[in-house]
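The chain contents come next:
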Amino acid sequence: MASVGSILGGAFRLFRERPAAILIWAAVYFAAAIVMAMIMSWFLTGTVSIVTNPAALMPQRPGAMPPGFWQVMLFIYPFTLVLFAVQINAVFRAVLRPEDSGFASLRLGMDELRTIGLAVIVVIVGFIAMFIVQLLLMLAVTFIGMVSGGGAAGAALASILMIACFCGWIWLWVRLSLLFPLTFHRRKISVDAAWDLARGRFWTLFGAYFIVLLMMFLLIGAAVWGMMGDYIAAIWAAQGNEEQMQRAIAEFTARQVEMPVAMRVGQMLINSLIGIIALALGCGTIASATRELLIERGEDERQTQDWSEAEI
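Keep in mind that this is a model prediction, so the values were computed, not measured. (Residues numbered from 1 in each chain as written. Predicted model: local features only at pLDDT ≥ 70, side-chain atom pairs only at ≥ 80, totals over all residues. Heavy atoms only, no water.)

### Looking at the overall build of the chain
Put simply, the rule reads: Only runs of H or I of at least four residues qualify as helices and only runs of E of at least two qualify as strands under DSSP, and these elements are numbered from the N terminus. Every residue pair with non-hydrogen atoms within 4.5 Å of one another is taken to be in contact. Note that accessible areas follow from Shrake-Rupley with a 1.4 Å probe, and for residues the cover is restricted to the protein chains shown.
On a plain count of helices and strands, the chain comes out with ten helices and zero strands. Going residue by residue from the N terminus, the α and β elements of the chain occur as α-α-α-α-α-α-α-α-α-α. Of all intrachain contacts in the chain linking residues separated by at least 6 positions in sequence, the fraction that spans at least 24 positions is 72%. Accessible surface computed for the chain: about 17500 Å², of which carbon and sulfur atoms make up 73%.

### Remarks on the side chain of Thr115
Convention followed: Burial classes: relative accessible area under 20% of the type maximum marks a residue as buried, over 50% as exposed, and values in between as partly exposed (1.4 Å probe, protein chains only).
Residue position: Thr115 is located in helix H4 (residues 110-148). A relative accessible area of 3% places Thr115 in the buried class. Setting aside residues up to four positions removed in sequence, Thr115 forms contacts with Phe84, Ala85, Ile88, Asn89 and Phe180.

### So, the packing of helix H1 (residues 4-17) against helix H8 (residues 202-237)
Threshold: To get an axis, a line is fitted to the C-alpha atoms, and for a helix only the part in contact is used. The angle between two axes follows their N-to-C directions and goes from 0 to 180 degrees. Oblique is the label for any angle not covered by the other classes, which are roughly parallel (under 35 degrees), roughly antiparallel (over 145) and roughly perpendicular (65 to 115). With the far helix as reference, a near helix turned anticlockwise by less than a right angle produces a left-handed crossing, and one turned clockwise produces a right-handed crossing. Just so you know the grouping, Ala, Val, Leu, Ile, Met, Phe, Trp, Tyr, Cys and Pro go in nonpolar, Asp, Glu, Lys and Arg go in charged, and all remaining residues, Gly too, go in polar.
Running from N to C, H1 and H8 cross one another at 45°; their axes reach a closest spacing of 8 Å. Here H1 is positioned oblique relative to H8, judged by the angle of their axes. Taken as a pair, H1 and H8 cross one another with a handedness that is right-handed. Where H1 approaches H8, its residues Val4, Ile7, Leu8 and Phe12 are matched on the opposing element by Thr204, Leu205, Gly207, Ala208, Ile211, Val212 and Met215. Taken together, the residues that form the contact of H1 with H8 break down as nine nonpolar, two polar and no charged.

### Digging into helix H5 (residues 152-175)
In plain terms, the rule: Residue count minus one, scaled by 1.5 Å, sets the expected span of a helix.
Taking 1.5 Å of rise per residue, the 24 residues of H5 would be expected to cover 34 Å, and the 35 Å separating its terminal C-alpha atoms lies within 8% of that figure. Among the residues of H5, those classed as buried are Gly154, Ala158, Val174 and Arg175. Taken together, the buried residues of H5 touch H4, helix H7 (191-197) and H8.

### Topic: the pattern of salt bridges
In a structure, side chains of opposite charge can pair up when their charged atoms sit close to one another. The condition is simple: Any Lys or Arg side-chain nitrogen located within 4 Å of an Asp or Glu carboxyl oxygen qualifies as a salt bridge.
Counted under the stated rule, the structure contains eleven salt bridges. A salt bridge links Glu17 to Arg16; the nearest nitrogen and oxygen atoms lie 3.6 Å apart. By relative accessible area, Arg16 is classed as exposed at 54%. A salt bridge links Asp111 to Arg97; the shortest N-O distance between them is 2.9 Å. In this pair, Asp111 is assigned in helix H4 and Arg97 in the loop between helix H3 (69-96) and H4, connecting sequence segments 14 residues apart. The residues Asp111 and Arg97 share a single accessibility class, namely buried. Through salt bridges with shared partners, a single network forms among Arg93, Arg97, Asp100, Arg107, Asp111, Glu112 and Arg114.

Listed below in structure tokens is the structure:
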């Protein structure tokens, strides 16, 4: 039976059985970050560099975009979407199809195109749904304020409504969380199948996701503090003092621009490794949850697959 422990165990098994694959994913992520930084620098400054001078990001006139901004966006968004599909599917493949493990489970084929299409659909539908919900929430809060005359009871009721809306979004996200790995597993998009697979397992899934998100928060938080903790502390200390805050921002920007290339590359390498660890942990958890629930329903008979025999 699927449990929080079995789901997390499947995710962490990636790190135990496929460490070389995770390092390859990090290398791909790092190479992609270098390419994106160089192309961004080329479009914005006309030179190839992994560091873009912040002055190049400033618009020539108020309200305008920096020169080359749209060219950068036309490249960055499709490139990032393809990279996203390749890397999350590599994690899904390592968990759901461990026998298909050549070159760290990285592929670029129909599975990835299907994931890209699904991601576009999810973003569009999610944006529309969020707009409608926010509009309805705003109308409801306004109505409550008018009826209650702006009193404390009305404010409390509006707060309860907003909290309920937030909880509803979490519930919906958990119920649909298996959509991407299940689409990968079955090679077809099926929202109702993902919804049905998560039926009755909300708290199990929520518990596993909460633990993983907490671990990711601590990991990324520690990395950010290690790289720019002094800047965060300076900004925090400068609250209410605009001059001191501007000085802290200027000093941090100057350090970033003057940072030696070797140190910049090292920082990007560390960021890539941390990013892939977070990706493998997050996507590995939802893929593990999908596999555990499929096994529970008798739809996946590979419970005894020994990942230690898989190739990198």
